[in-house]
Amino acid sequence: MSIVENKKAFHDYFIEQRFEAGMALEGWEVKAIRAGRAELKEAYVIVQGGALHLIGSHISPLPTASTHVHPDPTRTRKLLMHAAEINKLIGSVERAGYTLVPLNLHYTRGRIKLEIGLAKGKKQHDKRNDEKEKDWKREQQRMLRQKR
């Protein structure tokens, strides 16, 4: 079940592979995500010290958060994956010129997980072609509906 999706990632990148990662979250963050107060639009994943970190994601704290905790909505969050998967991703990012993009936040067996995409950037003409293709498919569907 998806919580929030990063639609901008599909517009800006060709997604080659997908991976699922856990996140090291604080209690108030889990509550806020369950309330639907998370955003991935400007977020990205970096490799730092042999680990993956999510930067730029915004989780708005609930107004009922406790008074002794001072929440930071855009803090860097560590991603949790098996070491072999992390090493594979690090190799792809450093050697092949790929980038890691957060795709969506979802529940898996009650836990909050982040889907990461191994992606290559799109050029402007690629984006235009995708837009034309989408418009053409929409037009085809419209014509099929009118014939019935």
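Worth saying up front: this structure is predicted, and the values here are computed from it rather than measured.

Trainee: Pulling in residues and values, what's your account of the overall build of the chain?
Mentor: Scanning the chain from terminus to terminus reveals four helices and nine strands. If one aligns the C-alpha atoms of the chain with their principal axes, the spans along those axes are about 60 × 40 × 30 Å. The buried share of the chain, taken over its 148 residues, is 34%. With the model as given, the accessible surface of the chain reaches about 9,600 Å², and the carbon-plus-sulfur share is 50%. Averaged over its 28 positive side-chain charges, the chain has a centre that lies 3 Å from the centre of its 18 negative ones.

Trainee: Got a sec to walk through the pairing of strand 8 (residues 99-108)? Specific residues and values, please.
Mentor: Counting buried positions along strand 8 gives eight out of 10 residues, so the element sits mostly inside the fold. Across nine bridges, strand 8 lies against strand 9 (residues 111-121) in antiparallel orientation. Considered in strand 9, the bridge of Thr 108 is made with Arg 111. What sits between the antiparallel neighbours strand 8 and strand 9 is a turn of two residues, in which Arg 109 has the positive phi angle 50°.

Trainee: Quick one: what's the story with the nonpolar core, residue by residue and with numbers?
Mentor: Counting 27 residues, the largest nonpolar core has Leu 52, Leu 79, Met 81, Leu 105, Leu 114 and Ile 116 as its most contacted members. Secondary structure elements with two or more residues in this core: strand 2 (13-23), helix 2 (27-34), strand 5 (51-55), helix 3 (83-96), strand 8 and strand 9. Per element, the largest residue contribution to this core is four residues, and it comes from strand 9. Aside from chain neighbours lying at most four places away, what touches Leu 52 is Val 45, Ile 46, Val 47, Arg 77, Lys 78, Leu 79, Met 81, Ile 86, Leu 89, Leu 100 and Ile 116.

Definitions and cut-offs
- Residues numbered from 1 in each chain as written.
- Predicted model: local features only at pLDDT ≥ 70, side-chain atom pairs only at ≥ 80, totals over all residues.
- Heavy atoms only, no water.
- Helix = DSSP H or I, 4+ residues; strand = E, 2+ residues; numbered from the N terminus.
- Buried < 20%, exposed > 50% of the residue type's maximum accessible area, 1.4 Å probe, protein only.
- Areas by Shrake-Rupley, 256 points an atom, 1.4 Å probe, with all protein chains shown as cover.
- Lys, Arg positive; Asp, Glu negative; His and termini not counted.
- Charge placed at Lys NZ, Arg CZ, Asp CG, Glu CD.
- Pairing = 2+ DSSP bridges.
- Core = buried A, V, L, I, M, F, W, Y, C linked by side-chain atoms within 4.5 Å.
- Contact = heavy atoms within 4.5 Å.

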